[in-house]
Amino acid sequence: MVSEAANPNPSPVSTAATSSELELIEQLKRQLAGPVFAAVSDQFSHLQNTVISYQNKLQYAELKIRVLEERLRLVRIAKYGPGSEKFSDAQLELLELEPGVSGAEVQAESARPAVQPSTKTKCKHPGRQQLPADLPRVERVLSCTPEQCVCQGCGKQTVVIGHEESSQLDVEPAKYFVLVSKREKRACKTCEERGVVSAPLPPRIIEKCLASDQIVIDTVVSKYCDHMPLYRQSAMLERDTGLELSRATLDGWVLKVGELLIPMVSAMRRELISGSYIQADETPVDVQMHEGRGKNHQAYLWQYSRPGGTVVFNFRLGRGRDGPRQFLGQFEGLLQTDGYAAYDQIGGPKMVHAGCWSHAERYFSEAVQLNPKDPVATPIVARIDELFAIDAEARRQGLSLEARHVLRQEQSRSLLNGIRKQIEAARSTPLPGGALAKACNYTLTLWEKLTRFLEYPELELSNNLAENSMRPVAIGRKNWIHVGSPHAGPKIAAILSVVESCRRLKLPVRDYLAAVLPGLADRPIQRLTDLTPAALAPQHPYPSAQF
């Protein structure tokens, strides 16, 4: 809300009386008796105060209307997509009255180019894409027809002189079968008293489960990598195999895997805390509480990660400070966040807080969305983009952290000084409570945290890697809707931690789960440190895979 105290331009009526008003008062003093003049003067002062009050209320109302109009336009832009930024408020109001308009239609309509001859030169086609070299090759030889095997000139038999090769990506559909395990039984005919021995069973993920380990793993991967709800998987299994497995059965498999992975994720947490740099973020997720109210509770998944390394999700029923305080303990390294207050006053005494330039730029970009020709916000966004371009150039050149630090000192430091001057100049001009004022206040309040990257070479400019880890959760929410119960939350968080860590480390998640899960409950906790994704990544050169 906009406060009256935030009004930078006081009403001219509130200033000292003009010379003409003073002359009028002196004439009234001479012509009127004392009591009459006092009464007239009181009425005049009352009317003057009333006018000032109404003018202040009017100005406050005008500012409030402008702020609400900004917020309404941002909501409409979010509703109808980026293409709606090009529409005026009147056009957006018409869209509100049209019940069948979708965001995709608005984006397509706004992106329609004007009819004019194209002046762009066509880019050269990059050529046929090469198929991955690590995929197995299956050769199929196509023989010539009998007519082609005979020379049309002399009638003699032709000979094979070579082959023309072409390659296509192919797939073998999933083939379900029943795996029958026969355990060999042995006995000594001489020493019958020694009884019968049977071959030991290999460890399994779920003992006496109707499905094999691979089916269980595929169920987990399909849900948390491919975001496929369990009821769809149940229907697919029934369609392809004729076996009816309820959603509750599949859910039991998933929760068992999550339960097994919780100690593993504890070892992954210790890996993170022992490091020197953590990025953190949080996202809401609905949870069924089974209280009979018919409403879900909004819980949170807190994500802690190291850029290019381990990711750990922590399930909490609330968004308070207790979550990061308990997870981070006495961590004393770098903690990079979006500036949320819950991350303050936690960790060890030497912990250093860092900010995120992507969030700062996002606030200024909202002001540009409201007015693409904004003469204040647009240059600031351009300067922040230059800041990111410096780090992008360092990545393109493959510079080490030390070399990137030198580059930042040479280019980023002077650029930051210019950005701060622009923001400080813009702070006094925007609408109080508007998008631009919000952007300026956010950036200047967190300026010390935003400039930490000049002191620490390993620190990234933004928290984008942590936000990217949240995208699978956001996509999953639209498919599996909610977490089944508060007790299931930590198990789901454990699965997400392993899945996202494997993705970052380019470990095939199916292979990792197949190697680790069977017999995991019987392994000593001290050995789990050697089985985390970060520990196994350098030992197993799996081919790169995206899940």
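Residues numbered from 1 in each chain as written. Predicted model: local features only at pLDDT ≥ 70, side-chain atom pairs only at ≥ 80, totals over all residues. Heavy atoms only, no water.

Colleague: Describe empty space enclosed by the protein, with residues and values.
Modeller: Scanning the entire structure with this criterion turns up 2 cavities of 30 Å³ or more. Taken as a whole, the largest cavity encloses approximately 50 Å³ of empty space. Taken together, Thr-337, Asp-338, Gly-339, Tyr-340, Tyr-343, Asp-344, His-353, Ala-354, Gly-355, Leu-446 and Lys-449 form the lining of the largest cavity. Considering only residue class, the lining of the largest cavity consists of 4 nonpolar, 4 polar and 3 charged. (1 Å grid on protein atoms, 1.4 Å probe; cavity = no way out; pocket = protein on both sides within 12 Å on 5 of 7 lines; lining within 4 Å. Points joined across faces, edges and corners; volume = space filled by probe spheres on them. Nonpolar A, V, L, I, M, F, W, Y, C, P; charged D, E, K, R; others polar.)

Colleague: Before we move on, could you go through helix α10 (residues 377–397) and cite the residues and values that matter?
Modeller: Between its first and last C-alpha atoms α10 spans 31 Å; for 21 residues at 1.5 Å apiece the expected length is 30 Å, and the two agree. Among the residues of α10, those classed as buried are Ala-377, Ile-380, Val-381, Ile-384, Leu-387, Phe-388, Ile-390, Asp-391 and Ala-394. Buried residues in α10, looked at end-on, bunch into an arc of 160°, giving them a common side. Looking at the buried positions of α10, the neighbouring elements they touch are α9 (357–370), α11 (401–427) and α12 (435–445). In the segment just after α10, Gly-398 is the residue with positive phi, at about 70°. (Helix = DSSP H or I, 4+ residues; strand = E, 2+ residues; numbered from the N terminus. Expected span 1.5 Å × (residues − 1). Buried < 20%, exposed > 50% of the residue type's maximum accessible area, 1.4 Å probe, protein only. Arc of directions from axis to C-beta. Contact = heavy atoms within 4.5 Å.)

Colleague: Report on the packing of helix α14 (residues 464–480) against helix α15 (residues 489–505), specifying residues and quantitative values.
Modeller: The contact between α14 and α15 brings their axes to 11 Å, and the two run at 125°. With respect to their mutual orientation, α14 and α15 come out oblique. Here α14 and α15 pass one another in a crossing that is right-handed. Along its contact with α14, which presents Leu-465, Ala-466, Ser-469, Pro-472 and Val-473, the element α15 presents Leu-496, Glu-500 and Arg-504. (Axes fitted to C-alpha atoms, helices over the stretch in contact; angles between N-to-C directions. Parallel < 35°, antiparallel > 145°, perpendicular 65-115°, else oblique. Left-handed = near helix turned anticlockwise from the far one by under 90°.)

Colleague: Residue-level account of the confidence of the model for the protein, with values.
Modeller: For residues with low pLDDT, the predicted coordinates do not support detailed interpretation. With 79% of its residues at a pLDDT of 70 or more, the protein has an overall mean of 82. Across residues 1–17, confidence stays below pLDDT 50; counting only partners more than four residues off in sequence or on other chains, it has 20 contacts. Below a pLDDT of 50 lies the segment residues 542–547, which in the model reaches 16 contacts outside its immediate sequence neighbourhood of four places, other chains included. (pLDDT = per-residue confidence, 0-100.)

Colleague: Now, about the pattern of salt bridges: what can you tell me, with residues and values included?
Modeller: Tallying each qualifying case throughout the model produces 14 salt bridges. The partner of Arg-420 in a salt bridge is Glu-424, and the shortest N-O contact between them spans 2.9 Å. One end of the pair, Arg-420, and the other, Glu-424, are both in helix α11, 4 residues apart, so they sit about a helical turn from each other. The class for Arg-420 is partly exposed, based on a relative accessible area of 32%. Connected through salt bridges with shared partners, the residues Asp-391, Arg-404, Arg-408 and Glu-460 form a single ionic network. (Salt bridge = Lys/Arg side-chain N within 4 Å of Asp/Glu carboxyl O.)

Colleague: An account of the environment of Gly-275 is needed here, citing residue identities and associated values.
Modeller: Looking at the element boundaries, Gly-275 is found in the loop between α7 (247–274) and β3 (277–288). A relative accessible area of 25% means that Gly-275 is categorised as partly exposed. The sequence separation of Gly-275 and Glu-332 amounts to 57 residues, and the corresponding C-alpha distance is 9.1 Å. If near-sequence neighbours (up to four positions away) are discounted, Gly-275 is found in contact with Arg-306 and Phe-331.

Colleague: Help me get a handle on the packing of aromatic side chains, residues and values and all.
Modeller: Here the distance between the centres and the angle between the planes together describe a pair of aromatic rings. All chains considered together, the criterion is met by 6 aromatic pairs. With centroids separated by 4.0 Å and ring planes inclined at 10°, the aromatic side chains of Tyr-304 and Phe-327 adopt a geometry described as stacked. Placement of the pair is Tyr-304 in strand β4 (residues 296–305) and Phe-327 in helix α8 (residues 322–328), with a sequence separation of 23 residues. We classify Phe-327 as buried; its relative accessible area is 6%. Ring geometry for Trp-357 versus Trp-447: centroids 5.7 Å apart, planes at 85°, classification edge-to-face. Of this pair, Trp-357 sits in helix α9 while Trp-447 is found in helix α13 (residues 447–450), placing the two residues 90 residues apart along the sequence. The class for Trp-357 is buried, based on a relative accessible area of 0%. Relative accessible area serves as the criterion here: at 10%, Trp-447 is assigned to the buried category. Within the aromatic cluster, the residues linked to one another by ring pairs are Trp-302, Tyr-340 and Tyr-343. Directly above the aromatic system of Phe-327 lies the positively charged group of Arg-269, at a separation of 5.4 Å from the ring centroid. (Phe/Tyr/Trp six-rings, centres within 6.5 Å; stacked < 30°, edge-to-face > 60°. Lys NZ or Arg CZ within 6 Å of the ring centre and 35° of its normal.)

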